[in-house]
Amino acid sequence: MHRSPCIGGKGRNVDGPRSSDATRAMDAVRRLVRALRTSNREVERSVGVSAAQLFVLRAIESSPRLSMADLVQRTLTHQSTVSEVVGRLVEAGLVSRQIAADDGRRSELELTTKGRALCRRAPAPMQGVLAEALLRMPAAQRRTLAEGLEAWVEACHLAGLPATMLFEPPRR
């Protein structure tokens, strides 16, 4: 486990024993993590893929022949992270990757028959719910949230960690 000044002990600096803003923030994080963990378990149990993989499958399902760049935008993640997940989905036979007819430098992603069948029986992944809700927030509120979260991550000395898809194991 990563120890940092944010976890308590040395470096702890709060307004009294219970800071209401800090408690509200931690409670919000707890709710998000709980919902994500529950969703991930439900998805894995019901269809045998991770919630991150289902999130990517649903993004591809909503727009056939999606490019990797478009998928990165739709999933609000980084190219290397999405590429890892897509690689697993291709290996599992759930997604096909083909060279675009109009541009030989670009590959297009599409669900296979097996991938479409999985999506039909899968529950909605919480990552999609969270991403859609985030995008519905006013831009100024999103910016403030992003700045606050980034400052918190910096204060916890976690900014150097990769921002992988939620609950997706690293590729070996």
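Residues numbered from 1 in each chain as written. Predicted model: local features only at pLDDT ≥ 70, side-chain atom pairs only at ≥ 80, totals over all residues. Heavy atoms only, no water.

Participant: Which parts of the structure should I look at to understand the overall build of the chain?
Facilitator: Each helix and strand counted, the chain has seven helices and three strands in total. Put simply, the chain runs from its N terminus to its C terminus through helices and strands in the order α-α-β-α-α-β-β-α-α-α. Relative to its 172 residues, the chain shows a buried fraction of 31%. For the chain, contacts bridging at least 24 residues in sequence account for 61% of all contacts bridging at least 6. Total accessible area on the chain is roughly 11400 Å²; 54% of this is exposed by carbon and sulfur atoms. (Helix = DSSP H or I, 4+ residues; strand = E, 2+ residues; numbered from the N terminus. Buried < 20%, exposed > 50% of the residue type's maximum accessible area, 1.4 Å probe, protein only. Contact = heavy atoms within 4.5 Å. Areas by Shrake-Rupley, 256 points an atom, 1.4 Å probe, with all protein chains shown as cover.)

Participant: What is the right way to read the sheet that holds strand β3 (residues 107-111) from this model?
Facilitator: Paired through backbone hydrogen bonds, the strands of a sheet run either parallel or antiparallel to each other. Pairing within the open sheet is antiparallel, and its three strands lie in the order β1-β3-β2. Edge positions in the sheet fall to β1 (66-67) and β2 (95-99), since each of these pairs with one other strand and no more. With five bridges joining them, β2 and β3 adopt antiparallel strand pairing. Note on β3: the bridge partner recorded for S96 is E110. Against the sheet, helix α2 (residues 51-62) contacts β1, β2 and β3, and its axis sits at roughly 100 degrees relative to β3. (Pairing = 2+ DSSP bridges. Axes fitted to C-alpha atoms, helices over the stretch in contact; angles between N-to-C directions.)

Participant: Please explain helix α6 (residues 126-136) as it appears in this structure.
Facilitator: Think of an α-helix as turning once every 3.6 residues; residues three or four places apart then point the same way. Regarding α6, the residues found buried are Q127, G128 and A131. Down the axis of α6, the sector holding all buried residues measures 100 degrees, keeping them to one side. Contacts from the buried residues of α6 go to α1 (20-47) and α2. (Arc of directions from axis to C-beta.)

Participant: Sorry, what's going on with unusual backbone geometry here?
Facilitator: Across residues other than glycine, the phi torsion is negative in most instances, and most of the peptide bonds are trans. A positive phi angle, close to 55 degrees, is found at L76, a residue other than glycine. Mapped onto the fold, L76 is located in the loop between α3 (68-75) and α4 (79-91). You will see that H157, though not glycine, has its phi angle at about 60 degrees, which is positive. Looking at where H157 falls in the secondary structure, it is placed in the segment after α7 (139-155).

Participant: Hey, could you run me through the environment of F167 in this one?
Facilitator: The residue F167 is located in the segment after α7 in this model. Placed 127 residues apart in sequence, F167 and N40 show a C-alpha to C-alpha distance of 7.4 Å. Here F167 is in contact with V33, L36, R37 and N40, once residues within four sequence places are set aside.

Participant: What exactly am I supposed to notice about the pattern of salt bridges here?
Facilitator: Any two side chains of opposite charge can pair, given that their charged atoms come close. Applying the stated rule across the entire model yields seven salt bridges. Residues R24 and D21 are paired through a salt bridge, measuring 3.3 Å at the closest nitrogen-oxygen approach. Taken as a pair, R24 and D21 lie in helix α1 at a separation of three residues, close to a single helical turn. A residue is classified by how much of its surface remains accessible, and R24, at 60% relative accessible area, is exposed. A salt bridge links E108 to R106, with the nearest nitrogen and oxygen atoms 3.3 Å apart. R106 gets classed as partly exposed once you look at its relative accessible area, which sits at 27%. (Salt bridge = Lys/Arg side-chain N within 4 Å of Asp/Glu carboxyl O.)

Participant: What's the story with the side chain of T77 in this structure? I'm lost.
Facilitator: Position of T77 among the secondary structure elements: in the loop between α3 and α4. Take T77: its relative accessible area is 16%, and that puts it in the buried class. Only 2.8 Å separates the side chain of T77 from the side chain of T75, close enough to count as a polar contact. Every residue in contact with T77, bar those within four places of it in the chain, is listed here: V72, V82 and M165. (Polar contact = N/O pair within 3.5 Å; in protein donor to acceptor, adjacent residues only side chain to side chain.)

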